[in-house]
Amino acid sequence: MERRSFTLRLVLAIFLGMLALGKVAGESFNYGEAMDKTLMFFEAQRSGKLPENQRVKWRGDSGLRDGNLQGVDLVGGYYDAGDHVKFGLPMAFTVTMLSWGAIDYRKEMTGMNQMGHMLNAIKWGTDYFIKAHTEADVLWGQVGDGDSDHYCWERAEDMTTPRNAFKIDSTHPGSDLAGETAAAMAAASMAFKLYNSSYSSLLLAHAKQLFSFADRFRGQYDDSIQCASQYYTSSGYSDELLWAAAWLFRATGDEYYLKYVADNAVSMGGTGWAVREFSWDNKYAGVQILLSKVLMEGHGGAYSSTLKKYQAKADFFACACLQKNDGYNVPLTPGGLVYLHEWNNMQYASSAAFLLAVYSDYLSAENVVLKCPDAQIQPLELLNFAKSQADYILGKNPKSISYVVGFGHNFPLHAHHRGSSIASMAVLHSTVGCVQGFESWYHRPEANPNVIYGGLVGGPDKTDGFSDDRSNYEQTEPTISGTAPLVGLFSKLHGLSETTVPILKNHLQPIIKPQQVLIRKNQHPVPQDYFDPKVSGRNLADEIIKLFHADVAPVEFIHSITSTWNIGRTTYYRHKVIIKNKSQKPITDLKLEIENLSGTLWGLDPCQAKNIYTLPQWLKVLQPGGQTSFVYVQGGPQAKVSVLSYH
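Residues numbered from 1 in each chain as written. Predicted model: local features only at pLDDT ≥ 70, side-chain atom pairs only at ≥ 80, totals over all residues. Heavy atoms only, no water.

**As for the nonpolar core**
Here's step 1: By size, the foremost hydrophobic cluster in this structure holds 155 residues, and its most contacted members are Trp100, Tyr359 and Leu370.
Here's step 2: Per-element accounting of this core gives the leading share, 13 residues, to helix α14 (residues 346-365). (Core = buried A, V, L, I, M, F, W, Y, C linked by side-chain atoms within 4.5 Å. Buried < 20%, exposed > 50% of the residue type's maximum accessible area, 1.4 Å probe, protein only. Helix = DSSP H or I, 4+ residues; strand = E, 2+ residues; numbered from the N terminus.)

Listed below in structure tokens is the structure:
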């Protein structure tokens, strides 16, 4: 303990010296906070009967009779953007992207205690898709229509617009819609596999049926659901069929799906299309990167030669984003933002950034260098590009504005969003009529009364210009399909910001080994007040010591959800937490603080102080590399577990 006390004093002295010399690193974004707020956005977009653990309190129940006219239960799902239509194609893409983030960045999300919220966001969509998939070859693809919905400006809770539902079936096919929904269900099955195996199996069964439906009865969904064509026009369905097959191969390992993408590589454009866009409509780049992963991991087998052609197109996309593609590059604004379309362009930047982040991981894992026409690129450069887009989105841009609503100190105040712009029912009890909403709320110059936290708005124009105007829907409307990729992206970047880096080097090494004095970079961003020279040195020292204790704790916590069930409207989870000694020394007298615990806990002994627990009496010592576990049951998100003290 004397060495530990000396270490604390040494770290404190170095840190205070850095403050005094003005050598503290420049501003860094709190990606963990950004990720949390993006998940909040999906709660704000919920349709249906809201759960008791709903965090966005200005929302209420809505759309409770969706599907009634057609004799089917279509309650639930997500509203698409600032309106109240439930468009199936972008909603399915949203769930696919959320699930991909949960799969690839599970460790980061679990470390942030966000996996519960993440799975809830995914499940709100997949539960709806299960309802919408009423027969093997029937999928309800839309509730409401844009024309009548856009005629009104009203809260979802006050909706008076028609809630007609529209479907695809064997005589009115929609391979793009069914294919994307199959991809969403397959990806979601992987996200839930460790936490709820029975639900995961159910999702996979739906995914297989939907893929078969999409492949056997081919056609574009907006030919069958024609009222969707004005809002989400499909450019084709071949990419969705390949996309669904790629996800089903990843979820099942069944060679049938790998053979499908190989056999149809040319006819469906998988190895022909070299694209510069990844979005709810165009999945080719996603397919190509997923299959590049299969190839690089050595699972291509007899299809490796075809997969190499897929990877060549994946490389084209990555090189185009990095401006290393012999002139055939992705357009950027002067400020460095991906710019492809005038309406809601930010969704293309968020999707591209996420895609390059995962491709960077896949290349790094196999020690592969990206070979572009203009240069050889290390995987880290792809990640740097992804980070540049994330930072632009969060405020590092010519306008110094965060395009994620509610993040930072300067963000859009007039988002084009009905529920956000009208006082909530808790404040304004009377109904806001269809036209009244335009007259009383739409044209108000004041800021929206309800902050739509986490929503990614459409963003700036091609010269980085932005007008925060409610009527400027091209720039100020947030969408679920644009926001979804950010959840995984911010998780990845938050994980990077927690990378341990030694601050003691060279001449200090003989005194204290570097690994004994590690600070996780940006894990606990110090509030700005702590850098105020008026703050006393003692208060600052206390805060730094708190951060230090959190950072050098010799144990790690591995969270998982082992069971889930519903009682009434509440979903309960059985959480298992493994406590592992990652140090080289035995640990005794370990005290834990467990916050946000609302249920019952087994496996630890409670102390007299509130929320404080110790290891059970029979476990006196946690040996190096040893582990123990405890479980608890509660509804809602995970409890927060941290180390209070130890010897």
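**A short note on the sheet that holds strand β2 (residues 139-143)**
Hydrogen bonds along the backbone pair up the strands of a sheet, which may run parallel or antiparallel.
Here's step 1: Here we have three strands laid out as an open sheet, ordered β1-β2-β3, and antiparallel in their pairing. Each of the sheet's edge strands pairs with one partner strand only, and the pair in question is β1 (86-87) and β3 (165-168).
Here's step 2: Relative to β2, β1 is paired through two bridges, and the arrangement is antiparallel. Looking at the pairing, Lys86 lines up with Val143 of β2.
Here's step 3: On top of the sheet, helix α7 (residues 175-192) reaches β2 and β3; it is set at about 100° to β2, its chief contact. (Pairing = 2+ DSSP bridges. Contact = heavy atoms within 4.5 Å. Axes fitted to C-alpha atoms, helices over the stretch in contact; angles between N-to-C directions.)

**Points about the state of the cysteines**
Here's step 1: Here the structure, examined in full by the defined rule, presents two disulfides.
Here's step 2: Between the sulfur atoms of Cys152 and its disulfide mate Cys434 the distance is 1.9 Å. Judged by the torsion about the S-S bond (-90°), the Cys152/Cys434 disulfide is left-handed. Linking Cys152 in the loop between α6 (146-150) and β3 with Cys434 in the loop between α16 (418-421) and α17 (436-442), this pair joins segments that are 282 residues apart in sequence.
Here's step 3: A residue is classified by how much of its surface remains accessible, and Cys152, at 4% relative accessible area, is buried.
Here's step 4: The disulfide partner of Cys319 is Cys372, and the S-S distance across this bridge is 2.0 Å. Between Cys319 and Cys372 the disulfide shows an S-S torsion of about -90°. By sign, it is left-handed. Separated by 53 residues along the polypeptide, Cys319 in helix α13 (residues 304-321) and Cys372 in the loop between β4 (370-371) and β5 (376-377) bring together distant segments of the chain. (Disulfide = S-S within 2.5 Å.)

**Quick notes on the packing of helix α3 (residues 88-104) against α14**
Here's step 1: Contact pair α3 / α14: the axes reach a minimum separation of 12 Å and the direction vectors enclose 30°. Judged by the inter-axis angle, α3 sits roughly parallel to α14. Crossing geometry of α3 relative to α14 is assigned as left-handed. Facing α3, whose interface residues are Phe93, Met97, Trp100, Gly101 and Asp104, α14 presents Ser351, Phe354, Leu355, Val358 and Tyr362.
Here's step 2: A breakdown of the residues in the contact of α3 with α14 according to their chemical character gives seven nonpolar, two polar and one charged. (Parallel < 35°, antiparallel > 145°, perpendicular 65-115°, else oblique. Left-handed = near helix turned anticlockwise from the far one by under 90°. Nonpolar A, V, L, I, M, F, W, Y, C, P; charged D, E, K, R; others polar.)

**Points about the packing of aromatic side chains**
Here's step 1: What the rule picks out here adds up to 27 aromatic pairs.
Here's step 2: Relative to Trp247, the ring of Trp243 lies with its centre 6.1 Å away and its plane at 85°, an arrangement referred to as edge-to-face. Of this pair, Trp243 and Trp247 both sit in helix α10 (residues 238-252), four residues apart, which is roughly one turn of the helix. As far as the burial class goes, Trp243 and Trp247 line up, both buried.
Here's step 3: The structure contains a cluster of three or more aromatic residues connected by ring pairs, namely Phe93, Trp100, Tyr105, Trp243, Trp247, Phe278 and Phe354.
Here's step 4: In this arrangement the basic side chain of Arg46 is found over the ring face of Trp124, its NZ or CZ atom lying 4.6 Å from the centre. (Phe/Tyr/Trp six-rings, centres within 6.5 Å; stacked < 30°, edge-to-face > 60°. Lys NZ or Arg CZ within 6 Å of the ring centre and 35° of its normal.)

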